[in-house]
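Descriptive analysis of the structure
Residues per chain are reported as follows:
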Amino acid sequence: MIANYEGRIMKDEVSSSFIILNSSFFSDLVAAHHLQQACFGREAWGYLDLISMFLTPGLVRLKAVMGDRLIGFVIGDPNHWERVGWIATICVHPDYRQRGIGTALLAKCEETLRESKIKLTVRASNTTAISLYRKLGYKQIGIWQRYYTGGEDGVVMEKSRS
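These numbers were taken from a predicted model, which means no experiment stands behind them.

**Section: the overall build of the protein**
A count of helical and extended segments in the protein gives four helices and eight strands. The C-alpha radius of gyration of the protein comes to 15 Å, within 12% of the 15 Å expected for a compact globule of 162 residues. By principal-axis analysis of the C-alpha atoms, the protein measures approximately 40 × 35 × 30 Å. Looking at the protein residue by residue over its 162 residues, the buried ones come to 42%. Across the protein, every contact between residues at least 6 apart in sequence was considered, and the portion connecting residues at least 24 apart equals 57%. Of the accessible surface of the protein, which amounts to about 9300 Å², a share of 50% is contributed by carbon and sulfur atoms.

**Details of helix α2 (residues 47–55)**
What α2 keeps buried is the set Leu50, Met53 and Phe54. Each buried residue of α2 sits inside an arc of 100° when the element is viewed along its axis, so together they form one side. Away from the buried face of α2 by more than 90 degrees, exposed residues Leu48 and Leu55 are located. In this structure, the buried residues of α2 make contact with α1 (25–40), β3 (60–66), β4 (69–79) and β5 (84–92).

**Quick look at the packing of aromatic side chains**
Under the criterion given, the structure shown has seven aromatic pairs. Relative to Phe26, the ring of Phe25 lies with its centre 5.1 Å away and its plane at 75°, an arrangement referred to as edge-to-face. The exposure class of Phe25 is partly exposed, given its relative accessible area of 22%. Owing to a relative accessible area of 80%, Phe26 belongs among the exposed residues under this scheme. Judged by centre distance (6.2 Å) and plane angle (70°), the rings of Phe25 and Phe54 are edge-to-face. Linking Phe25 in helix α1 with Phe54 in helix α2, this pair joins segments that are 29 residues apart in sequence. Classification of Phe54 by relative accessible area gives buried; the value is 5%.

**With respect to unusual backbone geometry**
When glycine is set aside, most residues are seen to have a negative phi, and most peptide bonds are trans. A positive phi is found at Gln98, a non-glycine position, where the angle reads about 65°. Tracing the chain through its elements places Gln98 in the loop between β5 and α3 (101–113). Judged by its relative accessible area of 70%, Gln98 is exposed.

**Digging into the packing of α1 against α2**
The axes of two packed helices give the description: the angle between them and the distance between them. At their nearest, the axes of α1 and α2 sit 10 Å apart, and the two run at 145° to each other. Between α1 and α2 lies a crossing of right-handed hand. Contact with α1, carried on its side by Phe25, Asp28, Leu29, Val30, Ala32, His33 and His34, involves Tyr47, Leu50, Ile51, Phe54 and Leu55 of α2 and no other residues of that element.

What counts as what
- Residues numbered from 1 in each chain as written.
- Predicted model: local features only at pLDDT ≥ 70, side-chain atom pairs only at ≥ 80, totals over all residues.
- Heavy atoms only, no water.
- Helix = DSSP H or I, 4+ residues; strand = E, 2+ residues; numbered from the N terminus.
- Rg over C-alpha atoms; globule rule 2.2 N^0.38 Å.
- Buried < 20%, exposed > 50% of the residue type's maximum accessible area, 1.4 Å probe, protein only.
- Contact = heavy atoms within 4.5 Å.
- Areas by Shrake-Rupley, 256 points an atom, 1.4 Å probe, with all protein chains shown as cover.
- Arc of directions from axis to C-beta.
- Phe/Tyr/Trp six-rings, centres within 6.5 Å; stacked < 30°, edge-to-face > 60°.
- Axes fitted to C-alpha atoms, helices over the stretch in contact; angles between N-to-C directions.
- Left-handed = near helix turned anticlockwise from the far one by under 90°.

Here it is, written out as structure tokens:
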């Protein structure tokens, strides 16, 4: 069981709380799909991809919620044999970015994965995310050429933990 993580964000001098909880197929499928669309547009996972990720045993599925609204989502995929956890997807609704929600989601996912290395892939043009990952201890270890739709490269990043 994953304990709740509570955070506070400030917007226009009004304080609001978000919490991080386990995500579930029945309560979050539609909202996760809408969030993916808001964050990634044509790169968003479809319902079949999300259903697969919700039903695959052993994955870490966390959500950030504010009130009854899903504002962030992360899926971590542990590979116990290689001792690597992959961040399969992480997204924060555009209206809630730059407020620590992505950092909190990533930290809780990393903590839950427990592998000695965590990897992720990010669009080469997503300099904001790359900067955040570097700040959190990730280093670039490779490039997957033409990985994303439209031919954009994917930057592979890794964080080693002791």
